[in-house]
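# Coordinate analysis (summary)
The chain contents come next:
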Amino acid sequence: MTEKTRVLLVEDNELNRDMLIRRLNRAGIDVVTAENGQKALEMMHQETPEVVLMDMNLPVMDGWTASRKAREDDTIKHIPIIALTAHAMEADRLNALEAGCDDYATKPVDFPGLLIKIEKLTR
Amino acid sequence: MSLRRRLILSLFTILVLFAINVGTHFWGSYARSESMVAYRDAVTAAQLSAQVEQQLDDQRQQILVLATLRDTTDDQLDSPELAQAEQDIRSIRGNISELGELSPEVTELQYQRLWAAGGELLDGWLAFYRNYNDPAFDLDVEDPLPYLEASQRLKELEQRQAFIAVQRANIIDRTIALTDRITVIGFFASIFLTAMLGFFLVRYTNSSLKRLKRGTERFGSGDLNYRIDNINDDGELGDLAAAFNTMSDKLRNAIYDVQRSKDEADEANAAKSIFLANVSHELRTPLNAIIGYSEMLHDELDDRDEVDRPQFQRDLARIVQSGRQLLSLINDILDLSKIETGKMSLHCESFNPGEVLTQVCDSLAPLLKQRNNALQLPDFSELPPMYSDATKFRQIFVNLLSNACKFTDKGYISVAAGTVSGKDGWYEFSVRDTGIGMTDDQQAKVFDAFVQADSSTSANYGGTGLGLAICRDYCEMMGGKISVQSTEGEGSTFTVILPADPELAHAAA
């Protein structure tokens, strides 16, 4: 891997955001961030990350809406999205996949598992 | 009309017709017997008349012969012959009076004439016999006039009686014909009426029964709003239909009640599931930070010689903060669960609400300073004491004031308290801030569990989203209520109204 993988982290919780940025950086992944769905869509256009880690419960525009909109936008619809959420029910997983997410991870995040998911989607 | 009355009426009508027939029959019989009597009278009268005529004729012949004999001979009549003659004349007189007894009312005139003429004739004849042996007596019996007169009167009486007999016979014939006709008409009328009554009875009863049957079928097949209408029957079937409709109403209401209870149970069940999902979600958020930071620190310790101590401490503080948030969340969930299962009870004691409020404000002074807020706290010493649950009272205002501190930056927070004018024994408390405020939609559900202005709120401001739900439940337990008024961007005012004694409030309600 000559070039670092770049990930867009969409997370409104300050602690969780800070923690994930640092852990992803340590794993050799570049991180850009957004605090809500609206900003996430803007960042996907600006930064064209290779993967998006999207929290679902977000202010302004939630993760489901943002994912759906991303899938309707031709310039960014190829960017894979991993849903990150504390909603752990099976129905929530289906909701996320239905909204256009490619994968799904529940909080608390199993970090090695998350890295595998990212790698799978960037290969 | 009721079935019973219909049957009774039918029976009565048939009986009346039957009575008419029977009456007509007796009338006919009576008319026939009358005709027999009249006929017998006529025959008797004819016989008697003939007999009297014959007797008169015989007597006259005998008297004429005797008169000739007397003129020509001197023969005397002996007493047996005289007695015989008198006997004969009495017999004629008796027969005439017998004639008078036959139909006396319509032959009176003729009879009186006959009686006068006959009497004169017979008197003459009697005088003839009695004085027959007296040679000095002049017997004048050859004159035919009295005899002819009497014969004429006898004939008149006879004719009269014959006329009367014919007239009566005609009347009687007509009567018999009439009674026969009445009997036949009555008979057919009975048959017709019975058939009609039967027909209508069956028809009306049948249509009512059909409606009842249809109603039962429709209701039975689940059409709970179906009612039997147009029952023009105020009798047993109408009553039955009305009873059916009443039963239908009650059944429908019962079914609706059951349905509503089921819906409520389903709703409660769904609410529980949502609550559980929310609990799971809310527990995972701080856990994510705790586990994430712990794992990260673990990794950092593994692969670095020098630990960035200040950074390490900040991270540990974050873990502790998240852990505390988790603990308070669990405590709140337990409290809420206790309230909702009815296991939370009030422990009432006498306390001074002003004092408690002042203590709460003092204890929250560090939180107040965090965001540079100023607190306006008036003097509460005038407030009368309450008899209520002081712990819950304190908790309500800790929650409200921490919220006010959390959602306000460099602003003012004011607490007000007083008694409600016009409502003896009620207090009104309010906590006002100049913070971020809420939209109308947010205000509408701010007291629901796990609801904060939006999901980033807990991230940016902390809190579990259960505090206001607990405040609302506590207020209600203590017999009062809580409300909010807010403008987005300008601030919020939470108002709590509580009775001095929850028992009195519950008793009054």
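Nothing here was measured: the structure is a model prediction, and the numbers come from that model.

### Here we look at the interface of chain B and chain A
- Between chain B and chain A, the residue contacts involve 26 residues of the former and 22 residues of the latter.
- Summed over both sides, the interface between chain B and chain A buries roughly 2200 Å², with carbon and sulfur atoms accounting for 52% of that surface.
- With a shortest N-O distance of 3.7 Å, Glu300(B) and Arg22(A) are connected by a salt bridge.
- Applying the counting criterion to the chain B and chain A interface returns 10 residue pairs in polar contact (both at pLDDT 80 or more).
- A total of 16 residues in the side of chain B that touches chain A trace back to one element, the largest contributor, which is helix H5 (residues 236–303) of chain B.
- By residue class, the composition of the side of chain B that touches chain A is 7 nonpolar, 11 polar and 8 charged.

### Some points on the pairing of strand E2 (residues 29–34) of chain A
Residue and element names in this part refer to chain A.
- Bridge count for strand E1 (residues 5–10) against E2 is 6 bridges, and the pairing is parallel. Bridge pairing in E2 links threonine 5 to isoleucine 29.
- Chirality of the crossover, the property in question, places the unit of E1, helix H1 (residues 14–26) and E2 among those that are right-handed.

### Focus on the pattern of salt bridges
- Applying the stated criterion across every chain, the model contains 29 salt bridges over all chains.
- The residue Lys107(A) makes a salt bridge to Glu11(A) at a minimum N-O spacing of 3.0 Å. On the criterion of sequence distance, the pair formed by Lys107(A) in the loop between strand E5 (103–106) and helix H5 (111–122) and Glu11(A) in the loop between E1 and H1 is long-range, its members being 96 residues apart. Accessibility assignment for this pair places Lys107(A) and Glu11(A) in one class, buried.
- Lys262(B) is the partner of Asp266(B) in a salt bridge, and the nearest nitrogen-oxygen pair spans 3.1 Å. Of this pair, Asp266(B) and Lys262(B) both sit in helix H5, 4 residues apart, which is roughly one turn of that helix.
- What makes Asp266(B) partly exposed here is its relative accessible area of 39%.
- The exposure class assigned to Lys262(B) is partly exposed, which follows from its relative accessible area of 46%.
- Shared partners join several salt bridges into a network, and the residues in it are Asp18(A), Arg22(A), Glu300(B), Asp315(B) and Arg318(B).

### Some points on the packing of aromatic side chains
Residues and elements named next belong to chain B.
- Inspection of every chain in the model, using the stated rule, returns 12 aromatic pairs over all chains.
- Three or more aromatic residues joined by ring pairs form one cluster here, namely Phe351, Phe393, Phe397, Tyr427 and Phe429.
- A cation sits over an aromatic face here: lysine 392 above tyrosine 474, 5.6 Å from the ring centre.
- Over the face of the ring belonging to tryptophan 426 we find lysine 423, whose NZ or CZ atom lies 4.5 Å from the ring centre.

### Brief notes about the environment of Asp55(A)
Residue and element names in this part refer to chain A.
- Of note, aspartate 55 is situated in strand E3 (residues 51–55).
- Distance in space between the C-alpha atoms of aspartate 55 and asparagine 36 is 8.7 Å, their sequence separation being 19 residues.
- Looking at aspartate 55, its side chain comes within polar contact range of the side chain of lysine 107, at 3.3 Å.

### Things to note about the confidence of the model for chain B
Residue and element names in this part refer to chain B.
- Here chain B averages 84 in pLDDT, while 95% of its residues score no lower than 70.
- Averaged pLDDT values over the elements of chain B bottom out at 49 in helix H11 (residues 456–461) and peak at 93 in strand E7 (residues 491–499).
- Two numbers describe this predicted complex: its pTM, 0.54, and its ipTM, 0.87.

### Re the sheet that holds strand E6 (residues 481–487) of chain B
Residue and element names in this part refer to chain B.
- Spatially, the 5 strands line up as an open sheet ordered E2-E4-E5-E7-E6, and their pairing is mixed. Strands at the two margins of the open sheet, each flanked by one partner only, are strand E2 (374–376) and E6. If you compare each strand with its neighbour and ignore which way they point, the axes differ by 15 degrees on average.
- As paired elements, E6 and E7 share 7 bridges and run antiparallel to each other. In the strand pairing of E7, glutamine 485 is matched with threonine 493.
- Relative to the sheet, helix H9 (residues 390–406) contacts E2, strand E4 (412–419), strand E5 (426–433), E6 and E7, its axis offset from that of E5 by approximately 20 degrees.

Parameters at a glance
Residues numbered from 1 in each chain as written. Chains lettered and ligands numbered in written order. Predicted model: local features only at pLDDT ≥ 70, side-chain atom pairs only at ≥ 80, totals over all residues. Heavy atoms only, no water. Contact = heavy atoms within 4.5 Å. Buried area = accessible area lost by both parts, 1.4 Å probe. Salt bridge = Lys/Arg side-chain N within 4 Å of Asp/Glu carboxyl O. Polar contact = N/O pair within 3.5 Å; in protein donor to acceptor, adjacent residues only side chain to side chain. Helix = DSSP H or I, 4+ residues; strand = E, 2+ residues; numbered from the N terminus. Nonpolar A, V, L, I, M, F, W, Y, C, P; charged D, E, K, R; others polar. Pairing = 2+ DSSP bridges. Right-handed = clockwise from strand over helix to strand, strands pointing away. Buried < 20%, exposed > 50% of the residue type's maximum accessible area, 1.4 Å probe, protein only. Phe/Tyr/Trp six-rings, centres within 6.5 Å; stacked < 30°, edge-to-face > 60°. Lys NZ or Arg CZ within 6 Å of the ring centre and 35° of its normal. pLDDT = per-residue confidence, 0-100. Axes fitted to C-alpha atoms, helices over the stretch in contact; angles between N-to-C directions.

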